[in-house]
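One letter stands for each residue in the lines below.
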Amino acid sequence: MGAADYNSSDPREFDDKEAKDISSQFDNTILLVRDYSSRLEKDYVRPALGISRTFFAERPIVATFCAIFLILSFFPIISFLGVSVFVITSLTTIALGGALLTASAIILALSLILASILIAIFFTAVLLTIFTISSYFFFRLSTLVRQDGRSGISNWARETKQHFTWGPHSIRLSVPIETPVEPITNSQLVDQPEPKDHSPVLNTNSSDSDNYEKVQG
């Protein structure tokens, strides 16, 4: 029973503590708001009211006009500020977009001009190359004909063909390929058979040996 009473009393105590914390935070917030409001009232509101009362007491007509003017011009001023901010942001966005579009168009136009110039330079280089090579071949033809006569034409044709067919694949070195010589090892020297004696051998018959003995006897 005691444990049950203790467990049943815990949520109530927790709720009371939480309520006290919330009330203390609320009281602190109220105190802060009062402090700031009192400072605002003492530093700004009361001096402004005092100045306005003094100004209204000294110049009531001008003060009344200023009050009416401020009240009537409040909404136009707010509208002006809002429209100004909207116009500035919209024009800035439009200006940036227009600047990007203009820059892209200019870059595209310059790219087309550059491409056309490069194409013209390419064909000009091709024509100049053909003219230079033709001039060189004509000069070589005249030189070879002057030196060798009619045979210079064949020499010129051969030389011209070499200019057009020359390449790494056309160079062939006529160098004899040497077959590698295998070294002789010790095992091969040991396994070789002994050389036979090819000296002439006297083939004597038995009759010859007998005759020789008779002569000596």
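Values in this document were obtained by computation on a predicted structure and should not be read as measured data.

## Thoughts on the overall build of the protein
A tally of regular secondary structure across the protein gives five helices and zero strands. Along the protein, helices (α) and strands (β) appear in the sequence α-α-α-α-α when read from the amino end. By the burial criterion, 4% of the 217 residues in the protein qualify as buried. Element-wise, carbon and sulfur atoms account for 68% of the exposed surface of the protein, whose accessible area totals about 20,300 Å².

## Regarding helix H3 (residues 151-165)
Think of an α-helix as turning once every 3.6 residues; residues three or four places apart then point the same way. With 15 residues, H3 ought to run about 21 Å at 1.5 Å a step, and its terminal C-alpha atoms sit 21 Å apart, in line with that. Those residues of H3 not exposed but buried are Gly 152, Glu 159 and Thr 160. Around the axis of H3, the buried residues are gathered within 100° of arc, so they sit on the same side. Counted as exposed and oriented over 90 degrees from the buried face of H3: Lys 161 and Phe 164.

## Some thoughts on the UniProt feature "transmembrane region" (unreviewed entry) in the protein
The UniProt entry lists residues 61-87, 94-113 and 119-139 under the feature "transmembrane region" (unreviewed entry), expressed in the numbering used here. Across residues 94-113, the secondary structure splits into 100% helix and 0% strand, with the terminal C-alpha atoms separated by 28 Å. Structurally, residues 119-139 comprises 100% helix and 0% strand, and the distance from its first C-alpha atom to its last is 30 Å.

## Thoughts on the confidence of the model for the protein
This prediction gives the protein a mean pLDDT of 76; 69% of its residues lie at or above 70. Contacts from residues 169-180, a stretch scored under 50 in pLDDT, to residues over four places away or in other chains number two contacts. Low confidence marks residues 197-207, where pLDDT is under 50. Its contacts with residues over four positions away, or in another chain, come to zero contacts.

## Describing helix H2 (residues 60-148)
If you check H2, its first and last C-alpha atoms are 126 Å apart, about what 89 residues at 1.5 Å a residue would give, namely 132 Å. Where H2 bends most, at Ser 73, the angle is about 40°, and the proline Pro 76 comes one to four residues later. Every buried residue belonging to H2 is among Ala 63, Ser 73, Phe 137, Thr 143 and Leu 144, and all of these are buried. Gly 149 sits one or two residues past H2 and shows a positive phi near 80°.

## Details of the packing of H2 against H3
Between H2 and H3, the shortest axis-to-axis distance is 8 Å and the interhelical angle comes to 145°. Relative to H3, the crossing made by H2 is right-handed. Contact residues: Tyr 136, Phe 137, Arg 140, Leu 141, Leu 144, Val 145 and Asp 148 in H2; Ser 151, Gly 152, Ile 153, Asn 155, Trp 156, Glu 159, Thr 160, His 163 and Phe 164 in H3. When grouped by side-chain class, the residues that make up the contact of H2 with H3 number eight nonpolar, five polar and three charged.

## A short note on the side chain of Ser 73
Mapping Ser 73 onto the fold places it in helix H2. When its relative accessible area of 11% is taken as the criterion, Ser 73 is described as buried. A polar contact is formed between the side chain of Ser 73 and the backbone oxygen of Phe 69, at a distance of 2.7 Å.

## Structural notes on the packing of aromatic side chains
In this structure the tally under the stated criterion is four aromatic pairs. Ring geometry for Phe 65 and Phe 69: centres 6.1 Å apart, planes at 20°, overall stacked. One end of the pair, Phe 65, and the other, Phe 69, are both in helix H2, four residues apart, so they sit about a helical turn from each other. Of the two residues, Phe 65 and Phe 69, neither departs from the other in class, the shared state being exposed. With 5.5 Å between their ring centres and 75° between their planes, Phe 122 and Phe 123 make a pair best called edge-to-face. Classification of Phe 122 by relative accessible area gives exposed; the value is 52%.

About the cut-offs
- Residues numbered from 1 in each chain as written.
- Predicted model: local features only at pLDDT ≥ 70, side-chain atom pairs only at ≥ 80, totals over all residues.
- Heavy atoms only, no water.
- Helix = DSSP H or I, 4+ residues; strand = E, 2+ residues; numbered from the N terminus.
- Buried < 20%, exposed > 50% of the residue type's maximum accessible area, 1.4 Å probe, protein only.
- Areas by Shrake-Rupley, 256 points an atom, 1.4 Å probe, with all protein chains shown as cover.
- Expected span 1.5 Å × (residues − 1).
- Arc of directions from axis to C-beta.
- UniProt positions renumbered as here; feature names shortened; annotations may be inferred.
- pLDDT = per-residue confidence, 0-100.
- Contact = heavy atoms within 4.5 Å.
- Bend = angle between axes of the 7 residues up to and from the residue.
- Axes fitted to C-alpha atoms, helices over the stretch in contact; angles between N-to-C directions.
- Left-handed = near helix turned anticlockwise from the far one by under 90°.
- Nonpolar A, V, L, I, M, F, W, Y, C, P; charged D, E, K, R; others polar.
- Polar contact = N/O pair within 3.5 Å; in protein donor to acceptor, adjacent residues only side chain to side chain.
- Phe/Tyr/Trp six-rings, centres within 6.5 Å; stacked < 30°, edge-to-face > 60°.

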